[in-house]
Amino acid sequence: MLVLLARADCLRRQLSTPPDIASEAVTKLRAWFRRSHDTITQYFPDLVESSLRLPSYWAHVEGVVLDDKAAMRAVWEETVKGPLGRYYETWLAWTTMERQLRQIPQARSLFKRCYSRKLEEGGQLALAYEWLRFEREEGSAEDLFQATLKVDPIIEEANVAATAATNQPAAAAARAAANNAKKLSREEVKAMRRAHDPNFKERKPGTKRDQNGQEKDTSHAKRSKAKEAQPPPGDTDMAEARTAAPQDQPSTSQPVEPVLYTDQHTVFVKGLGFDVHEEDLRRLFSKLGVKSIRMGKDKFTGALRGFAYVDFDTDEAVQKASEQDGTVVNGRRLFIAKSAPPSGSGRG
């Protein structure tokens with residue numbers, strides 16, 4: 001390998017500045033990289049070099065030195081289709097190179113392509129965290145939310161496996177909670193985002209677009225249907241964390257009305273692990289004057305759902321709490337943002 005790389009060094013140094021793609025020096029350098037790749041493939045078919053010295057060098061020359069991004073991607077494409085494609089380091093090296101060249105959409109497309117692959121040595125989990133990091137540093141809030149929706153099941157599965165290695169009863173409880181969680185359809189995911197994602201910008205809830213593209217109010221009909229329908233066992237509704245009054249509230253002389261939260265001074269927290277409870281959030285926001293905390297729970301089993309609403313007294317406290325977005329609690333990176341429920345939803 002060192003001999004092959006040394007020869008590539010010599011040929012690269014013979015390039016003009018700036019290099020001429022049609023020159024003989026470029027042709028020789030590309031031919032050498034091809035020959036080196038074919039030699040390794042022929043005589044060492046099972047060689048897995050995690051340092052990626054040859055493909056990284058070749059791709060760098062194509063994409064950076066020669067400014068030929070199509071050729072660079074062809075190098076990486078051939079690499080991931082070989083034995084190195086089973087390792088997350090290969091995919092990460094490709095996405096990192098795209099990012100360094102400020103090819104952000106292409107890097108995002110790569111993450112979407114490879115995040116679900118079962119990679120060697122825990123690579124799938126590592127790649128999931130790398131995608132979240134990428135979107136936090138390069139993407140919009142919508143991009144981060146979409147990535148979170150995709151990788152959360154992978155992270156939860158890894159947490160269950162880690163728990164199983166140390167605590168069998170806790171692992172059983174976590175697995176049961178994960179299995180009982182409702183499988184959301186695409187429309188239900190949209191409804192959940194519409195109700196709880198403060199950065200979601202879509203038409204008002206309870207409306208429907210007609211053939212002319214005009215919004216038509218259907219919220220009254222939906223509420224009527226909701227009253228008639230009995231939710232199936234195991235169904236969960238995240239919105240109940242906003243309006244549900246405590247079941248064991250002492251009776252008074254006056255009828256107890258359900259509490260309607262306006263969320264004027266509230267942050268929405270998601271990404272909570274099963275081992276994160278109300279007291280953990282109180283410690284996290286201890287200096288900001290927490291007024292109340294509403295943990296999202298399954299209304300039948302009482303199992304935590306991984307999100308919460310934290311109420312404060314002032315806008316300043318909400319702002320400071322939102323600035324803690326990305327804080328890691330018990331090994332999980334949290335999403336924290338000011339709660340902004342859609343107007344007219346009737347849920348506060």
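Residues numbered from 1 in each chain as written. Predicted model: local features only at pLDDT ≥ 70, side-chain atom pairs only at ≥ 80, totals over all residues. Heavy atoms only, no water.

Caption draft 1: Layout of the overall build of the chain. A tally of regular secondary structure across the chain gives 14 helices and eight strands. Taken over 348 residues, the chain has a buried fraction of 38%. Intrachain contacts of the chain at a sequence separation of at least 6 include 61% that bridge at least 24 residues. Accessible area for the chain stands at about 20,200 Å²; split by element, carbon and sulfur atoms hold 51% of it. (Helix = DSSP H or I, 4+ residues; strand = E, 2+ residues; numbered from the N terminus. Buried < 20%, exposed > 50% of the residue type's maximum accessible area, 1.4 Å probe, protein only. Contact = heavy atoms within 4.5 Å. Areas by Shrake-Rupley, 256 points an atom, 1.4 Å probe, with all protein chains shown as cover.)

Caption draft 2: View of helix α7 (residues 123–138). Given a rise of 1.5 Å per residue, 16 residues ought to cover 22 Å, and the 22 Å separating the end C-alpha atoms of α7 matches this to within 8%. All of the buried residues in α7 are G123, Q124, L127, A128, E130, W131, L132, F134 and E135. (Expected span 1.5 Å × (residues − 1).)

Caption draft 3: Representation of the pattern of salt bridges. Inspection of every chain in the model, using the stated rule, returns 22 salt bridges. When the shortest N-O distance is used, the salt bridge between R99 and E138 registers 2.8 Å. Within this pair, whereas R99 is found in helix α5 (residues 88–100), its partner E138 is found in helix α7, the two being separated by 39 residues in sequence. Ionic pairing is found between D143 and R108, a salt bridge with its closest N-O pair at 3.3 Å. You can see D143 sitting in helix α8 (residues 141–166) and its partner R108 sitting in helix α6 (residues 104–114), a full 35 residues away along the chain. In this structure R108 comes out as buried when scored by relative accessible area, which is 14%. Connected through salt bridges with shared partners, the residues R99, R102, R133, E137 and E138 form a single ionic network. (Salt bridge = Lys/Arg side-chain N within 4 Å of Asp/Glu carboxyl O.)

Caption draft 4: Fine view of the side chain of T79. Turning to its location among the elements, T79 is positioned in helix α4 (residues 69–80). A residue is classified by how much of its surface remains accessible, and T79, at 10% relative accessible area, is buried. A distance of 2.8 Å separates the side chain of T79 from the backbone oxygen of V75, its partner in a polar contact. Those residues within four positions of T79 in sequence are excluded, and the remaining contacts are P55, L84, G85 and T90. (Polar contact = N/O pair within 3.5 Å; in protein donor to acceptor, adjacent residues only side chain to side chain.)

Caption draft 5: A look at the side chain of S322. Among the secondary structure elements, S322 is positioned in helix α14 (residues 315–322). Residue S322 is classed as buried on the basis of its relative accessible area, which comes to 19%. Polar side-chain contacts of S322 include one of 3.5 Å to the backbone nitrogen of K338.

Caption draft 6: Representation of the packing of aromatic side chains within the structure. For the coordinates displayed, the defined rule picks out eleven aromatic pairs. Ring geometry for F111 and F134: centres 5.3 Å apart, planes at 40°, overall tilted. Linking F111 in helix α6 with F134 in helix α7, this pair joins segments that are 23 residues apart in sequence. We classify F134 as buried; its relative accessible area is 3%. Ring pairs connect the aromatic residues F111, Y115, W131 and F134, which therefore count as one cluster. R7 extends its terminal NZ or CZ atom over the ring of W32, reaching a point 6.0 Å from the ring centre. (Phe/Tyr/Trp six-rings, centres within 6.5 Å; stacked < 30°, edge-to-face > 60°. Lys NZ or Arg CZ within 6 Å of the ring centre and 35° of its normal.)

Caption draft 7: Up close: the nonpolar core. F33, W91, L127, W131 and V151 are the most contacted members of the largest nonpolar core, which has 48 residues in total. Ranked by residue count, the leading element in this core is helix α2 (residues 24–43), at six residues. Not counting residues up to four positions away in its chain, the partners in contact with V151 are Y115, A128, W131 and L132. Within the second largest apolar cluster, 20 residues are counted, among which are L288, L304, A321 and L334. (Core = buried A, V, L, I, M, F, W, Y, C linked by side-chain atoms within 4.5 Å.)

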